[in-house]
Each structure stands twice: as structure tokens, then as C-alpha cells.
Amino acid sequence: MSTEEKSAAPRSLAEALRVRDDVSLAALLRSRPDLITPVPTDLTQLAARAGTRASVVRALERLDRFTLQTAEALAVAPDPASYGELLALMGGDEEDPAVAAALPRAAALLREQALVWGADDQLRLVRTARELLAPSPQHPSPTGLGPTVREATAGMSPGRIQEILRAVGLPSTHDSVSAVSALAALFSDRRRMSALLAELPEESREVLDRLVWGPPYGQVTHDPAAHLRALLRRGLLLPTAPGTVVLPREVALHLRAGRAHRVPEPVPPPVEAAATHRPQVVDATAAGQALAALATVDELLKEWDEGGPSVLRAGGLSVRDLKRTAVALDLPEPVAAFWVELAYGAGLIASDGGGGTSHAVKAVGDDERYAATPAYDEWRELPPAERWARLAGTWLTATRTPGVVGGRDAKDRTLSALGPNLDRSAAPEVRHRVLALLAGLPEGASPVEESLLARLRWERPLRGPQREQREQREPGKARDDDLRSRIARWTLSEAELLGVTGRGALAAPGRALIGAPEAPRPAAEEEAGEPEGPGDKLPVHHHRTPPVTAPPTPAERAAATARAARLLAPLFPEPLDHVLLQADLTAVAPGPLERELADVLGVLADVESKGGATVYRFTPGSVRRALDAGRSAADLHAFLARHSRTPVPQPLTYLIDDVARRHGRLRVGAASAYVRCDDDATLDEILTDKRAAGLGLRRLAPTVLAAQADPVALLDGLRAIGFAPAAESAAGDVLIARADSHRTPPRAAPEPVPDGPPPPDDTLLAAAIRAVRAGDLASTTPRKPGPGGEESGGEGGAPGGSLPRTGAAETLATMQAAVLTGEALWIGYVNAEGAASQRVIAPIRVEGGFVTAYDHTADEVRTYPLHRITGVAELADDAG
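Residues numbered from 1 in each chain as written. Predicted model: local features only at pLDDT ≥ 70, side-chain atom pairs only at ≥ 80, totals over all residues. Heavy atoms only, no water.

(A) Fine view of the overall build of the protein chain. For the protein chain, the count of helices and strands is 36 helices and 27 strands. Here the protein chain holds 880 residues, and the buried ones make up 47% of them. When contacts within the protein chain are restricted to residue pairs at least 6 apart in sequence, those whose partners lie at least 24 apart make up 67%. About 41,400 Å² of surface is accessible on the protein chain, with carbon and sulfur atoms providing 54% of the total. (Helix = DSSP H or I, 4+ residues; strand = E, 2+ residues; numbered from the N terminus. Buried < 20%, exposed > 50% of the residue type's maximum accessible area, 1.4 Å probe, protein only. Contact = heavy atoms within 4.5 Å. Areas by Shrake-Rupley, 256 points an atom, 1.4 Å probe, with all protein chains shown as cover.)

(B) Looking closely at the pattern of salt bridges. A complete count under the given rule lists 40 salt bridges for this structure. Of the charged contacts, one joins D79 and R124 as a salt bridge, the two residues approaching to 3.8 Å between their closest N and O atoms. Placement of D79 in the loop between α6 (65–75) and α7 (83–91) and of R124 in strand β2 (residues 124–125) is noted, with a sequence separation of 45 residues between them. Looking at D79, the relative accessible area reads 42%, which means it is partly exposed. (Salt bridge = Lys/Arg side-chain N within 4 Å of Asp/Glu carboxyl O.)

(C) Structural detail: the sheet that holds strand β25 (residues 850–855). On the basis of which strands lie adjacent, the open sheet formed by five strands has the order β26-β25-β24-β23-β27 and antiparallel pairing. Here the strands that pair on one side only, and so sit at the sheet edges, are β26 (860–865) and β27 (869–874). Here the average twist between neighbouring strands, direction ignored, is 45 degrees. Strand direction decides the pairing type here: strand β23 (residues 825–830) and β27, joined by five bridges, are antiparallel. Within β27, the position partnered with I827 by the bridge is V872. (Pairing = 2+ DSSP bridges. Axes fitted to C-alpha atoms, helices over the stretch in contact; angles between N-to-C directions.)

(D) Summary view of the pairing of strand β16 (residues 614–617). Of the pairings in the sheet, the one linking strand β14 (residues 586–589) to β16 comprises four bridges and is antiparallel in character. Bridge pairing in β16 places A589 opposite T614. Judged from the three bridges that link them, strand β15 (residues 606–609) and β16 form a sheet pairing that is antiparallel. Across the sheet, residue S609 finds its bridge partner in β16, namely V615. Counted between consecutive antiparallel strands, the loop separating β15 from β16 contains four residues, among which G611 sits at a positive phi close to 145 degrees.

(E) The arrangement of the sheet that holds strand β13 (residues 580–582) in detail. Taking strand neighbours across the sheet as the criterion, the four strands line up as β13-β14-β16-β15 in an open arrangement whose pairing is antiparallel. The sheet is open, and its two edges are formed by β13 and β15, each paired on a single side. Across the sheet, the mean angle from the axis of one strand to that of its neighbour is 30 degrees, orientation sign disregarded.

(F) Inspection of the pairing of strand β19 (residues 698–701) at higher detail. Strand direction decides the pairing type here: β19 and strand β20 (residues 704–707), joined by three bridges, are antiparallel. Residue pairing for β20: R699 is matched across the bridge by L705. Hairpin remark: β19 followed by β20, antiparallel, with two residues in the connecting loop.

(G) Summary view of the packing of aromatic side chains. In total, this model carries four aromatic pairs according to the counting rule given. A centroid spacing of 4.8 Å and a plane angle of 70 degrees characterise the contact between Y829 and Y864, whose relative ring orientation is edge-to-face. Placement of Y829 in strand β23 and of Y864 in strand β26 is noted, with a sequence separation of 35 residues between them. Residues Y829 and Y864 agree in their burial class; the two are buried. (Phe/Tyr/Trp six-rings, centres within 6.5 Å; stacked < 30°, edge-to-face > 60°.)

(H) Broad picture of helix α14 (residues 202–211). Within the sequence span of α14, burial applies to S204, V207, L208 and L211. Across the axial projection of α14, the buried residues extend over an arc of 95 degrees, all falling on one side. In α14, those exposed residues whose orientation departs by more than 90 degrees from the buried face are D209 and R210. Against α13 (190–198), β3 (217–219), α15 (226–233) and α16 (249–255) lie the buried residues of α14. (Arc of directions from axis to C-beta.)

(I) Seen up close, unusual backbone geometry. Residue P38 is bonded to the preceding T37 through a cis peptide linkage, with omega at -5 degrees. Tracing the sequence through the fold places P38 in the loop between α3 (22–31) and α4 (43–50). Of note, the bond from G214 into P215 is cis; its omega dihedral lies within 30 degrees of zero at -10 degrees. Position of P215 among the secondary structure elements: in the loop between α14 and β3. Backbone geometry places A257, a non-glycine residue, at a positive phi of 60 degrees. Of note, A257 is situated in the loop between α16 and β6 (273–276). Of note, the phi angle at D330 is positive, near 60 degrees, even though the residue is not glycine. Tracing the backbone shows D330 in the loop between α18 (319–329) and α19 (333–345).

(J) Quick look at the environment of E874. Relative to the helices and strands, E874 resides in strand β27. With a relative accessible area of 32%, E874 lands in the partly exposed category.

(K) Representation of the nonpolar core. Core analysis: the biggest nonpolar cluster contains 89 residues, and F187, L236 and L237 have the highest contact counts within it. Other than its neighbours up to four places away in sequence, F187 contacts V149, M193, L196, R234, G235, L236, E250, V251 and H254. (Core = buried A, V, L, I, M, F, W, Y, C linked by side-chain atoms within 4.5 Å.)

(L) The side chain of D689, seen in detail. Counting through the fold element by element, D689 comes out in the loop between α33 (680–688) and β19. Under the relative-accessibility criterion, D689 is labelled buried at 17%. At 2.9 Å, the side chain of D689 forms a polar contact with the backbone nitrogen of R691. (Polar contact = N/O pair within 3.5 Å; in protein donor to acceptor, adjacent residues only side chain to side chain.)

(M) Focus on empty space enclosed by the protein. With the rule as written, the count across this model stands at three cavities of 30 Å³ or more. When contributions to the lining of the second largest cavity are tallied by element, the ones reaching two or more residues are α19 and α21 (384–397). Among the elements that line the lining of the second largest cavity, the one with the most residues is α19, at four residues. Each residue belonging to the lining of the second largest cavity can be placed in one class, and the counts come to five nonpolar, two polar and three charged. (1 Å grid on protein atoms, 1.4 Å probe; cavity = no way out; pocket = protein on both sides within 12 Å on 5 of 7 lines; lining within 4 Å. Points joined across faces, edges and corners; volume = space filled by probe spheres on them. Nonpolar A, V, L, I, M, F, W, Y, C, P; charged D, E, K, R; others polar.)

(N) Here's a closer look at the environment of P804. Within the element layout of this structure, P804 appears in the loop between α35 (762–780) and α36 (808–821). Residue classification places P804 among the buried positions, given a relative accessible area of 1%.

(O) Spatial organisation of the environment of V297. Tracing the chain through its elements places V297 in helix α17 (residues 279–303). Each C-alpha atom, one on V297 and one on A343, is 6.9 Å from the other, the two residues being 46 residues apart in sequence. The contact partners of V297, leaving out residues within four places of it in the chain, are W339, L348, W379 and L391.

(P) Inspection of the confidence of the model for the protein chain at higher detail. Looking at the protein chain, the pLDDT average stands at 84 and 86% of residues meet or exceed 70. Within the protein chain, strand β12 (residues 505–506) carries the highest mean pLDDT (96), whereas helix α27 (residues 523–527) carries the lowest (40). Below a pLDDT of 50 lies the segment residues 358–365, which in the model reaches 14 contacts outside its immediate sequence neighbourhood of four places, other chains included. Low pLDDT, under 50, characterises residues 464–480; the predicted model gives this stretch 29 contacts beyond four residues in sequence or across chains. (pLDDT = per-residue confidence, 0-100.)

(Q) Spotlight on the packing of α17 against α18. Packing of α17 against α18 leaves a shortest axis separation of 10 Å and a crossing angle of 125 degrees. Viewed along their axes, α17 and α18 adopt a mutual orientation that is oblique. Handedness of the crossing formed by α17 with α18: right-handed. For the pair α17 and α18, contact is made by T296, E299, L300 and E303 and by T325, A328 and L329, respectively. Of the residues assigned to the contact of α17 with α18, the class counts are three nonpolar, two polar and two charged. (Parallel < 35°, antiparallel > 145°, perpendicular 65-115°, else oblique. Left-handed = near helix turned anticlockwise from the far one by under 90°.)

(R) Local environment of α13. Among all positions in α13, only M193, L196 and L197 are buried. Around the axis of α13, the buried residues are gathered within 95 degrees of arc, so they sit on the same side. Along α13, the residues that are exposed and aim more than 90 degrees away from the buried face are R191 and A198. Of the surrounding secondary structure, the elements contacted by the buried residues of α13 are α12 (176–188), α14 and α16. Capping of α13 at its N-terminal end is provided by D189; its side-chain oxygen lies 3.1 Å from the backbone amide nitrogen of R191.

Shown next, in the form of C-alpha cells:
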């Protein structure tokens, strides 16, 4: 490198950022959005922020495995290191061609993210990253390497160092520095090191083999064995503390054939296809699951329509209430927790705050309960495909993670459904990435789960002591109990429940949901039969997997959700307007029903079984429920006759008439509660029934009984012993208890909890880069020297120094001259709040005690009072 080139090389990260163009700066701020919050004043502040520990840790955690391995290699390389030295550490003496092909991309990515700076012959890892990744006794390096010879011998006596030189056949030196350099040179020389190791006994070489891939530290006794003394005498093991020795880095690299990592991973592992299905079958299966998802959410909301479970004091559902909900939905508890959380995330259920709106008979109290929100009624009015799209869009972007329900938090408390501490900020990214990887497979292909998890781990490898220890013990072995892997497993099962996938393969609506282009379907594929079973392996496609991309914007998500709904709508069957009534008091719905029919039938009958055809059963309780909702016997007969493709069975007609004949003979109101009936014999029967003893009944009049129980408990108690009472208002009118009677006040759906600042949009990026450039211009522009030979303004003339100081007359004269010549000036300015700043301006007009100028710092025209300008200085001629 010539002298001129050396002088042009950046001397700091700030200088390296200063020579970047706007496109490169935008890429940096987009990949590390924490650097732009708030917008830095200049590039020096941007560089300082990029070197903070929190920002560097966040950036390292978002690197793929090979790029992280490259950064780890730079942490154990000389500082600065050349690209050739980095390649030798990554590829070893054999120069692995795959590593050589992938290394330029990794180095460019580290440079783009400001983790590495400098030219190819002077690559420097930012200091904070080196501190995080370099080996130390407290924090072993992920490479398994130990300290260098120079670091390990820092506290060693000069005499001991000279003894080591003599033991390895090197001449003595006059100082320890040259002695250590000679020893390091020997250990780095492949030929001489091979000869030195050949002199060792087999037991000594076995000790080195055990330490070579880490951990590099070992324990020795005060009187080590002969094969250990041979290593200590030659400096192949160096003492670091009493009873502890370390394998020097140079020795380990020789034994590793120059490689910093045992298994470099330059190529991402492919996602393998387990089986393939015809796309039409996948889409049909997913559509069936989507219909079942809508039915499940509807059933859940109907279960909670009149007020659901109570809210725990700490928030969320109790374990008992979750079990009850799972039984009511006929689902396992983890699956029930998923549907509850999905409805909550979509804003369909919420806490009523102890209030809510209800027309049903409810006990007066302040108990806070979960219930449907007004948004649920709006959601039910949407077409089925749009209802599904809203649920699927919510699931894709939600940070609440139902899979952790039942686990323990940091304080060893059980995590409950709908409770706090369920947010996992990585969830949206993992879900989107899992679906994107599925979209990269051939259409209709389901993945091999382990290959999918291996790919995710390569893209976001684990960091920290656990990963380091595992890789040192079992190199290349994957660990599947990390959070991202668990979220990925949950994503696969949840996507199948929702109908985003069918038979494990991504369906067309799911593909649209993530904004992936629609896959072409060859004509021959339309006629092809479906492979049978998962044994039909598909070829692996490396290039089909889409790259990791930035998360979509809200507008892009809305467009993708609408497109998914349009693709799903034709896959849904037309809703039916009829059922098949049978003589055993059941009705069979051979498919999805129209909403009005399903609503009425859901009140009039109980669901007995689900599936392709839903079976409803009519019981005295279900018929009474319909009568309570305001239906008369004539209404029910007409409804069944209108919607049944078979004649109404006589047993069902008798059942309706029998329940209707007894319905409403008893009236229950609030006294606390009372029962009235025109037939005093019926009241006598109630009073003598032992099962009614707990209601606290007593006769007030021949046709009236008073009760100590509240109206709701009295209604339930009388129904439990075989009567069919009806509730009435204070005016004596029968109260109609409708299914949608209880709603919470308007509630907003929970907002996702992002993992750090969101990625900036193009408008913010452009404005931020302009502001940073302008601030950098103001802080780095050279000033003309003043009379004393220093820059104008004395010490303030130096970049970042104090403000320039000039008298009022000189300031005015300089401003007026700059208006005529069009030159830019450097000024000090104090605003009305007393905050001082330095600016570069181009004066346009000076009049009335004000100067109007183009402010390069703010990138706009501004007007400044002259009395607030502390001083002015001319810029040097080479300021551009």
C-alpha cells in the first residue's frame, strides 16, 4: 500500500461511515434500527452508538451462523487482520472452497452492519464485538481457542520464559518481549511445530488432542506426570493460575490445521421435503380446517356470551376455567388455550372490567369476567373468508405465544392463558420465516420438521455459554429446546389448526398471507395422482428457499390478508339452508349452515358431534333455552318445518309442546328473589321438595314464594329439580335472555410487543440520513485560521469545540459579505431555551436584525435573530 493510500484509509469507524454513500447508510440503519432512535446528530455519534454493548449484542444475535463464525474468527485474529488471514482461519490450511466462496458475503454483511470496518488488508472488528467474542477465562470463545502466547505469558517471570526457549531449541534473548515473539513465531511455523510435536511421547499428544477444540483449560497437580511436564517445559501448556494450565492459541491452531472452527458452516442446511400432495388436495384440506377454525371460535364466543370465566387477580384464566373451556370445546387444554388467545388477540373477547352491557338476568356484583366484545358482533357479519383472514392475520403478527401457557415465568409462577408475560417478541418473525421456508418448497410439499428447525438455527444461531459448551462437547449437534425452535414447532401445528397449511404443506391462502408469489402449476400436475404416504421424498432445492427479508409494512400486510381472503372464498362450500331431522331427536347438518340457521339451531339443540356432518340433539333443556330466548312453540314448529328436508318427527313435536306447556307457569323476580304462580299446588310441590331447601323459600301469599337466593341461582335451582320457570322484570314482563346479551365495553385488541425499534420506512430513512449528513458537515467542516494562526473562534474553531466568538459589528459585516459572495459560514447559535449549537449556513438576506439563510445542518431555509448568534467564522477553501 502506498503512502497516499495509507493516509486515505479510515482511522476509525466514524471515518469509515463518513465515506459511505446514502444507500450504504440506509442499509445500515435498516438492519440496525436501534441506531436511528433517536436520530443521531452526526456520524461520530452514529459510530459511537453502533459500538455500544446493547446495540452490538442485538446485531450479533441477528447474524446467520457462518457470518457469526466469521466475526468469531476475527475476534481471535490479529487486530487488524488481512482478508487472507481471515480466510486462513475460516478455511484452514486446505482452503475449503465452500468457505472461500461464502466468505466475501459474510465479510460484506459484517461491514454493512458496521461490525467490521477497514480495507481488506486492515479488517477491524469493532472493539465491543471483540470484547464479547474474544476468549477469556470468564467467557470462553465460541471457537474453543484460548489466549495467545503473549497473553498467557504476561505474568510469567523472565527466567521461566528463557527456560522455555532453551527447551524448544531457541537461542536465549536479552528481554522477555523478543523471547515471547520468538516462541510465538515457532508455534505458528507449521514445519517447525510438526518437528517439535514429533518429539513428544504419545501420552502428551493425547493431552493436546483433548484440549485442542476446547475448552483450552485443564487442571494439573503440584507434581504433574512426566508427559505433562514435557508439555509444560516446552511451553505447549502454559500456567494461568495455581493448578490451571491453558493451551496457547498458536498451538491449537497448528493442531487444527489453521481452522478457527471445527465445523465451518458456509452453506445453509436445505429444508427437505417429506411428502408431496396435489395442490388441490392441500387447498381443500386447508379450507376444511379454516371452516373448523371459524366454528371453534364461534363456539368459544357463544360459550362466553353471557359472561365467561372470572379474571384472576393477577390477570388471565385460572387452570380450572381453562379445563372447563377445553371440555366445552372438546379439545386438549393447549389447543383450547390457543383458540382463547387467538380470539383475545383478534379483539373478540376481553375483560368486562366488572361491568359490561347485558340484558340478561345477572347477579349484581363487581366480579371482573371475560366476555365477547362489540367487535365480535361486527366480525360475525363478515363473510367467512374475511373472518378467517382476520384471525390468520392476527395470529401471524401476534407476539402473545399460547405455547408457553402452563410454563413458569422468571419468578416461578404459572403462566396462564390471557394472563401477563405471554409475549415473546421473536414469535412474529419465526412464524413468518417458517411459512416463508414452506413457500420455498415445491408446491404441495410438506417439510421434514428437523430440517426446518436446523435451517432456522443456522439463520439465528444460539449465543451464550450454553451454545459454546454444547458446541465444544458435541460439535454440529443441534439443540431443539431453545425458544425459537419451540415457536417453530408451535407454528407448524397452529398453522394446520388455522388452515394456513393443509397436510403440512402451505396452502394458496397461506402463501398469499405472507406475500409470497403464487406458485405456477404445470398442466401435467393437474392430472397427476397424489403420492401415497410420507415416504415419497422430493429432491432438495437449495435455491428455492427465499432469503431472510425485512418484515412487511402494515399496508403490505393488509393487502396480503385481503388477497388470502379472496383465494380462500372459492374454496369454501356454499352454506346450507336445511338440516335432516331424525326420529331419535337429532338433526344432521350435512355441511356448514347459513349463519341465521346455525344461530337458531345452536340455541334450540345441543351439538352432539362434529365433523364433516354436525349432529344436533334436542333435549328438554335445549328447547327450554329456545323458549327463554323469546321463541314460542308455534315459532319452533314453523322453523323446523321450513328448514328440514325430512318430515318433522312426532317425538320432536311432542317434546316442544310438552316443554312449552310448562314453560313460564312459574315467574321469578328480584325480591332478593321471588316465585309466583297462579297454581298454588305447584308452589306447594316446590316447598315440600327437599332439593329446594337450599333456596331459602317461604310463602308470602298463596301464589307467591320469597327466596333468599338471587334470581339467577333461583332459576338454576328450580330448573335443576325439574321445573321450567321464566324470569320476569320489575313490571312483570317475561325477560328474554338472548345469546348475545352480555358485551364488554369497547376494547382495543392487544398490541404486539416488538423486539426493539421497528424498521424505519424509506421516508424516515431519507430524512434521518439528511439530518446526519448535515450535522456531520457542521461538526467537521474546517474553518479558516484566525489572526493567531489557529482556526477562527480560538479553541471553538476545532470540530466539536466551543462556539465561535465575534463582536456584533464583525458578525454583521461577515454576514453581509457572505450574502454578496454566496459563501457558507460557520456560526454559533443559542436558542430561546438557552441551548447552544453550531451550524453551517449560507446567508441569503440580512435585514431588521435578522439573517435569513439556508441551514445546511437542518437542510432548510431558516431565519435567525442576529443577537442570538455568538459568533461567525469563514469556512476553509477545501471545505467541500
